[in-house]
Amino acid sequence: MIRVIDLDKSFNNQLVLSNISVSFEPGKTNLVIGRSGSGKTVLLKSIVGLHEIDRGEIWYDDILFNKLDFKAKKEIRKEIGMLFQGSALFDSLSVEQNVKFPLDMFTDKNEEEKTDRVNFCLKRVNIINANKLLPSELSGGMKKRVAIARAISLNPKYLFCDEPNSGLDPITAILIDELIKELTEEYTMTTIVNTHDMNSVMKIGEKIIFLSDGVKCWEGSNKEILYSDCTILNDFVFANALAKQLKSSLK
Amino acid sequence: MIKFLTQFGHYFLLLKKVFSKPEKPYVYYKQTMHELVFLGLNSVGIITVISFFMGAVITLQTAYNTENPIYPTYLIGLGCRDSILLEFSSTITALILAGKVGSNIASELGTMRVTEQIDALETMGVNSASYLILPKIIATLLFNPILTLISISVGIFGGWIAGTSAGVITSEDFVYGIQYAFIPYYVTYAIIKTLFFAFVITSVSSFQGYFVEGGSLEVGQASTRAVVYSSVLILLLNVILTQLLLS
């Protein structure tokens, strides 16, 4: 479980996240939604320690993460898998080398064991016969799946996904969502997904946090979101005419 | 001034991170081998071409500027050797590498930063500065002296070809000239300078690339800054090292 308590984060004296308190449960797909610039990515990067927070606490189970030194943080980070918005695959490494990278850095497995693990992870995300390809030779959806394979190669306890289906067609986006949900349940990971894709919200949003201008405005599930009275949330979720019609029919 | 001092501080903090204990020496070894090829071996071609023509021009200019019966012609060979050994091979090679290798390093690291590849390394718990920069520094410190030695050899060879082909000096006089009053310390001096220059090129360019914020425009600007700052520092260090090593 990951808990965030009273988190504040600012850049150049401009408050980007204010007083965020939330807990993310293991085995569930936790979604952080909000408009572009609402602070979703900053929240995610603050939780993994890529941004130093101004105030507050970040707990990984019973460890206060934000007070740890670099070495102790490193131990927690070995249990973190992260999927970045642009996949962040290493350009100079092949698909296989990308997935093998965490194994090279943090395990003492021999080459055969590492190759087996790489093939298992790639198969798990449905990437077949692409081991020797470079990231530049992959489609957007394949890049995301390889990035997921890399993220799960060390069997992480925590999985972070920053807009995993941005730039993907609706069908591939759904496949990625389903994959994240399956992996979360299979390995009982604490998964946090940043998204503004409403299909994802409805499909995998077991727990949803809505951010607006750096403030947590709403918390609930994908079933509760349809009946929420929160005006800002409704403006976001039911943004287009068709969705507005759906909302009025629900009333 | 405050901005300069802040940058200076950041540079040394980055170096502290770079020289921390490597996580997996074998991975660093593999990375260093890759950089030796990428930053070192791949520069042999350009260094060879430039050094050949540099030696040729030095010989011809020395010949045309010393066209006087009171000067023995072997002085052309001697002038070519000392110019190349003392100045051109180390400094000009470093300036060329600041352009080629420096911009390459800055744009590689800058692109990795803006595409979140460095964030990905940090999230995994990898010391990204050490993993990405240390192998480059080691590779250039190992290979740039070899490049300088290649440059010296090819430069003198270029001078011999040009001098004898243009008929400004005989082969015997040129060979006598390059052997005359030879001071082996000059080679040591050239290599010491090269080591300092190699460190400046790699560390300054890495610093510029590693902290890029923004997009492709900023990566380009960082690449330009890497070349400019490295070149200026090389010229400045050249003066200081010459004073320290030859005075």
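Thresholds, definitions, all that
- Residues numbered from 1 in each chain as written.
- Chains lettered and ligands numbered in written order.
- Predicted model: local features only at pLDDT ≥ 70, side-chain atom pairs only at ≥ 80, totals over all residues.
- Helix = DSSP H or I, 4+ residues; strand = E, 2+ residues; numbered from the N terminus.
- Rg over C-alpha atoms; globule rule 2.2 N^0.38 Å.
- Contact = placed C-beta atoms within 7 Å.
- Pairing = 2+ DSSP bridges.
- Nonpolar A, V, L, I, M, F, W, Y, C, P; charged D, E, K, R; others polar.
- Expected span 1.5 Å × (residues − 1).
- Buried ≥ 20, exposed ≤ 12 C-beta atoms within 10 Å, placed from the backbone.
- Axes fitted to C-alpha atoms, helices over the stretch in contact; angles between N-to-C directions.
- Core = buried A, V, L, I, M, F, W, Y, C linked by C-beta atoms within 7 Å.

Caption draft 1: Region of the structure containing the overall build of chain A. Counting its regular elements, chain A contains ten helices and ten strands. Here the C-alpha atoms of chain A give a radius of gyration of 19 Å, agreeing with the 18 Å that 2.2 N^0.38 yields for 251 residues. In terms of overall dimensions, chain A has a C-alpha envelope of 60 × 40 × 30 Å along the principal axes. The long-range share in chain A, meaning contacts at least 24 apart out of those at least 6 apart in sequence, stands at 66%.

Caption draft 2: Examining the sheet that holds strand β2 (residues 14-24) of chain A more closely. Residues and elements named next belong to chain A. What the four strands build is an open sheet, ordered β2-β1-β4-β5; its pairing is antiparallel. For this open sheet the edge positions go to β2 and β5 (63-64), each flanked by a neighbour on one side alone. Alignment of strand β1 (residues 2-11) against β2, held across seven bridges, turns out to be antiparallel. Counted as the bridge partner of R3 is S23 from β2.

Caption draft 3: Fine view of the interface of chain A and chain B. Each partner contributes residues to the interface: chain A has 14 residues there, and chain B has 13 residues. Classifying every residue of the side of chain A that touches chain B gives nine nonpolar, one polar and four charged.

Caption draft 4: Just helix α3 (residues 44-65) of chain B, in detail. All names here are of chain B. Across its 22 residues, α3 extends 31 Å between first and last C-alpha, which sits within 8% of the 32 Å expected from 1.5 Å per residue. All of the buried residues in α3 are I47, S51, M54, G55, A56, I58, T59, T62 and A63. Where the residues of α3 are buried, they touch α4 (74-114) and α6 (128-166).

Caption draft 5: Geometry of the sheet that holds strand β6 (residues 80-83) of chain A. Residue and element names in this part refer to chain A. Strand order across the open sheet formed by six strands is β6-β7-β8-β3-β9-β10, with mixed pairing between neighbours. Of all the strands in the sheet, just β6 and β10 (215-220) have a single pairing partner and so form its edges. For this sheet the average axis-to-axis angle between neighbouring strands, irrespective of direction, equals 15 degrees. As paired elements, strand β7 (residues 158-162) and strand β8 (residues 190-195) share five bridges and run parallel to each other.

Caption draft 6: Looking closely at the nonpolar core. Ranked by size, the top nonpolar core spans 101 residues in total, and within it A149 and F160 of chain A together with I201 of chain B carry the most contacts. The element best represented in this core is α4 of chain B, accounting for nine residues. Among all residues touching F160 of chain A, those that are not within four sequence positions of it are L44, V48, I80, M82, L83 and I192 of chain A.

Caption draft 7: Molecular detail of the environment of F19 of chain B. All names here are of chain B. Here F19 is to be found in the loop between α1 (2-18) and α2 (25-40). With 13 C-beta atoms counted inside 10 Å, the residue F19 sits in the partly exposed group. Sequence separation of F19 and I161 is 142 residues, and the distance between their C-alpha atoms is 45 Å.

Caption draft 8: Spatial organisation of the environment of S92 of chain A. All names here are of chain A. Tracing the chain through its elements places S92 in the loop between β6 and α3 (95-106). With 14 C-beta atoms counted inside 10 Å, the residue S92 sits in the partly exposed group. Through-space distance from the C-alpha of S92 to that of F65 is 32 Å; in sequence the pair is 27 residues apart.

Purely spatial values, then, with no claim about function.
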